[in-house]
Amino acid sequence: APFRKTVNFMSTHPDSYLKLKGNPDFVKVIQKQEEEINKRTMYHIPKNRVQKIASRIQNGDIIAITTDIAGMDVSHTGIALWQNDALHLMHAPLAGHRVQITEKALADYLAANKKQLGIMVARPLQPA
């Protein structure tokens, strides 16, 4: 489904980022990158449809969780992992913590968080 968001969170919240805090020149660089992102047509799979399409997601696919947070398109990322016939997310839930695999299947994990809207999926390709 089309996913329309204005991405500007980093440039409008520079104090939230160590490397941006007090560095207006770097904030300008980030703002230009956000402007380029905003020119793109983006799509996502709404969380109420993730279970229906899960079989098309493969181990190792990159999962980006879309969010309703203003100015932000993606709030979290991880790697798709099939376990016990269910799609899970391998991720680091908090900075500095160990990588873990969600206890719940991905669709249930998303359903439990109202700020998570769905997912974007990217599949790494073998080098040519």
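In what follows, the accompanying structure is described. (Residues numbered from 1 in each chain as written. Predicted model: local features only at pLDDT ≥ 70, side-chain atom pairs only at ≥ 80, totals over all residues. Heavy atoms only, no water.)

Our focus in this paragraph is the overall build of the chain. Counting its regular elements, the chain contains four helices and six strands. In the chain, the succession of helices and strands from N to C terminus is α-α-β-α-β-β-β-β-α-β. By the burial criterion, 32% of the 128 residues in the chain qualify as buried. Excluding contacts between residues fewer than 6 apart, the proportion of contacts in the chain whose partners are at least 24 apart in sequence is 55%. (Helix = DSSP H or I, 4+ residues; strand = E, 2+ residues; numbered from the N terminus. Buried < 20%, exposed > 50% of the residue type's maximum accessible area, 1.4 Å probe, protein only. Contact = heavy atoms within 4.5 Å.)

Strand order in this open sheet of six strands is β1-β6-β2-β3-β4-β5, and the pairing throughout is antiparallel. Where the open sheet ends on each side, the last strands, each with one partner, are β1 (45-46) and β5 (100-101). (Pairing = 2+ DSSP bridges.)

Take the nonpolar core next. Counting residues in each nonpolar core, the largest one holds 13 residues, and the members touching the most others are I57, I63, L106 and I119. The dominant element in this core, judged by the number of residues it contributes, is helix α4 (residues 106-111), at three residues. Excluding residues that lie within four positions of it along the chain, I63 makes contacts with I57, H76, T77, G78, A80, L89, L106, I119, M120 and V121. Membership of the second largest hydrophobic core comes to five residues, among which are F3, M42, A64 and M120. (Core = buried A, V, L, I, M, F, W, Y, C linked by side-chain atoms within 4.5 Å.)

A few words on unusual backbone geometry. One non-glycine residue with positive phi stands out, namely N84, at about 50 degrees. Here N84 is to be found in the loop between β3 (74-83) and β4 (86-91).

So, on to the environment of N48. Mapped onto the fold, N48 is located in the loop between β1 and α3 (50-53). Given a relative accessible area of 62%, N48 falls into the exposed group. The spacing of N48 and A112 is 64 residues in sequence and 12 Å in space, taken between C-alpha atoms.

With that settled, consider the pattern of salt bridges. Charged atoms that come close allow side chains of opposite charge to pair. With the rule as written, the count across this model stands at three salt bridges. D61 is the salt-bridge partner of R123, the closest N and O atoms lying 2.7 Å from each other. In this pair, R123 sits in the segment after β6 (116-122) while D61 sits in the loop between α3 and β2 (62-67), placing the two residues 62 residues apart along the sequence. Here R123 falls in the partly exposed class, since its relative accessible area comes to 39%. Put simply, D68 and K115 hold a salt bridge, and the shortest N to O gap is 4.0 Å. In this pair, D68 is assigned in the loop between β2 and β3 and K115 in the loop between α4 and β6, connecting sequence segments 47 residues apart. (Salt bridge = Lys/Arg side-chain N within 4 Å of Asp/Glu carboxyl O.)

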